[in-house]
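Architecture and fold: a report
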Amino acid sequence: MKRRNTLKLISGMAGIGTFGTSIVSADETWPREEKRSQRWFSHPELMDQLDNIQQRARANVTLEEIGESIEGRELVVTTVGSGDTDIFIVTEQHGGEPHGTNAMVEELQHLATSGKEYAEKVRNELTVHILPQANPDGAMRNQRGNAEGIDMNRQHHYPVGATNNPSPEAQAMIDYVTDLNPLWVTDIHCQGGAFSGEKDNPGHYYTSSIYWPTNPEADPEAVELSRQLNVAMWDQVDGYANAQLSRYPGGTGAEIARNAYGIRGYGSVLMEMTATHEHPALSGQMINQCRKQIEVMLEDTVDDVLFDRDPDRADNIPDRPARTAWKFAWDQPPHE
Ligand SMILES: [Zn+2]
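As the structure is a prediction and not an experimental result, all values here were calculated from the model.

Turning to its location among the elements, Gly 138 is positioned in helix α5 (residues 136-141). Between the alpha carbons of Gly 138 and His 94 there is a distance of 6.7 Å; along the sequence they are 44 residues apart. Setting aside anything within four residues of it in sequence, one finds Gly 138 in contact with His 94, Gly 95, Gln 143, Arg 144, Gly 145 and Asn 146.

As structure tokens, then:
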């Protein structure tokens, strides 16, 4: 009975969009361990996966605990590659948005174990740092906020070493990324099950939305690079059947990761997959597309073609439709 109530609550949270900053009690924590069929990782499962990848890797893979969540769960960055250029990717700042975590576990596995040309050249030319499930307390509850209901993607404006950040998860990321000084940062989210009236007809909805830093203080060169990364993803996904990209209607706040890391001078990209966990049939597509978007940015960076892309073309990426055009009621705050 308790389990059924929990599932009902979760369904309500994601389906009618009330999950905003609500806090799920510990008793209602979603037992992801019991839900393997839905393929989302609990935090312990994720830690096992990262260990497995490290053990099976043909290349150098390191796991580094960069901090811990409010409830003491490890925040682990997995690094693969030996190149001079560092890239940083984060998933699941919002605990109910698991597709990026699965996609990046698959991608890590590929980069660490494959002998194919793509994986070899990325490993040789780049060092890819991935922080999957940055908000593990939220992930274990399937909620947006951390254990105290704080939205960690509104806490990235704190300086390095700050001790008053209400999200230790965000502070750990700020400290790590700033020390790393990466070429670019990507922050992966899910923007919910918002379909333009064509739920059973993929291709008639935007499968992903993307964006670049828009805060006026963002470094102009970082913004240009971010726009080139957006164009790379747009060109790539446009070639797929049943997939379309749009521009995410995000704000200019300096506290949002997309803007905060642009202000610090790194290329910075937001990815919002159109997905919720209650539409499992679409999950595979979203996980694959998420990987493709990451792969084109990595490969473009290795091949140097990224820097030849016209950043002005980012303005041609279509706007995501207004909420009223979407099939499902959608009154939660923006998901970024
Ligand atoms: Zn989100």
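Let us keep going from here.
The subject of this paragraph is the sheet that holds strand β6 (residues 208-211). The strand order across the open sheet built from eight strands is β1-β2-β4-β3-β5-β8-β6-β7, with neighbouring strands paired in mixed fashion. The open sheet is flanked by β1 (61-68) and β7 (245-247), the only strands paired with a single partner. Each strand axis lies, on average, 25 degrees off the axis of its neighbour in the sheet, ignoring direction. Bridging between β6 and β7 involves three bridges; their strand directions are parallel. Paired with Ser 208 across the bridge in β7 is Leu 245. Against the sheet, helix α2 (residues 43-56) touches β1 and β2 (74-80), its axis set at about 25 degrees to β2. Against the sheet, helix α7 (residues 220-238) touches β5 (184-190), β6, β7 and β8 (267-273), its axis set at about 35 degrees to β8.

What follows deals with the nonpolar core. Buried together is how nonpolar side chains tend to be arranged in soluble globular proteins. Ranked by size, the top nonpolar core spans 74 residues in total, and within it Ile 89, Leu 108, Val 128, Met 173, Ile 210, Leu 229 and Cys 290 carry the most contacts. In terms of residue count, the dominant contributor to this core is α7 (eight residues). If sequence neighbours within four positions are ignored, Cys 290 has contacts with His 99, Gly 100, Ala 103, Ile 188, Met 271 and Met 273.

Right, let's get into the packing of α2 against helix α3 (residues 99-113). Pairs of packed helices are described in terms of their axes, by the angle between the two and the distance that separates them. Viewed as axis vectors pointing N to C, α2 and α3 meet at an angle of 10 degrees, and their least axial separation amounts to 9 Å. With respect to each other, α2 and α3 are oriented roughly parallel. Read as a crossing pair, α2 and α3 show a hand that is right-handed. Contacts between α2 and α3 pair Leu 46, Gln 49, Ile 53 and Arg 56 from the former with Thr 101, Val 105, Leu 108, Gln 109, Ala 112 and Thr 113 from the latter. A breakdown of the residues in the contact of α2 with α3 according to their chemical character gives five nonpolar, four polar and one charged.

With 15 residues, α3 ought to run about 21 Å at 1.5 Å a step, and its terminal C-alpha atoms sit 21 Å apart, in line with that. Burial runs high along α3: 11 of the 15 residues are buried. Among all positions in α3, only His 99, Gly 100, Thr 101, Asn 102, Ala 103, Met 104, Val 105, Glu 107, Leu 108, Leu 111 and Ala 112 are buried.

It is worth spelling out the confidence of the model for the protein chain at this point. Looking at the protein chain as a whole, the pLDDT averages 84, with 79% of positions reaching at least 70. Confidence over residues 33-37 falls short of pLDDT 50; this stretch has three contacts with residues more than four positions distant or in other chains. Confidence drops under a pLDDT of 50 for residues 197-203, and excluding neighbours within four residues, the segment shows eight contacts in the predicted structure.

About the cut-offs
Residues numbered from 1 in each chain as written. Predicted model: local features only at pLDDT ≥ 70, side-chain atom pairs only at ≥ 80, totals over all residues. Helix = DSSP H or I, 4+ residues; strand = E, 2+ residues; numbered from the N terminus. Contact = placed C-beta atoms within 7 Å. Pairing = 2+ DSSP bridges. Axes fitted to C-alpha atoms, helices over the stretch in contact; angles between N-to-C directions. Core = buried A, V, L, I, M, F, W, Y, C linked by C-beta atoms within 7 Å. Buried ≥ 20, exposed ≤ 12 C-beta atoms within 10 Å, placed from the backbone. Parallel < 35°, antiparallel > 145°, perpendicular 65-115°, else oblique. Left-handed = near helix turned anticlockwise from the far one by under 90°. Nonpolar A, V, L, I, M, F, W, Y, C, P; charged D, E, K, R; others polar. Expected span 1.5 Å × (residues − 1). pLDDT = per-residue confidence, 0-100.

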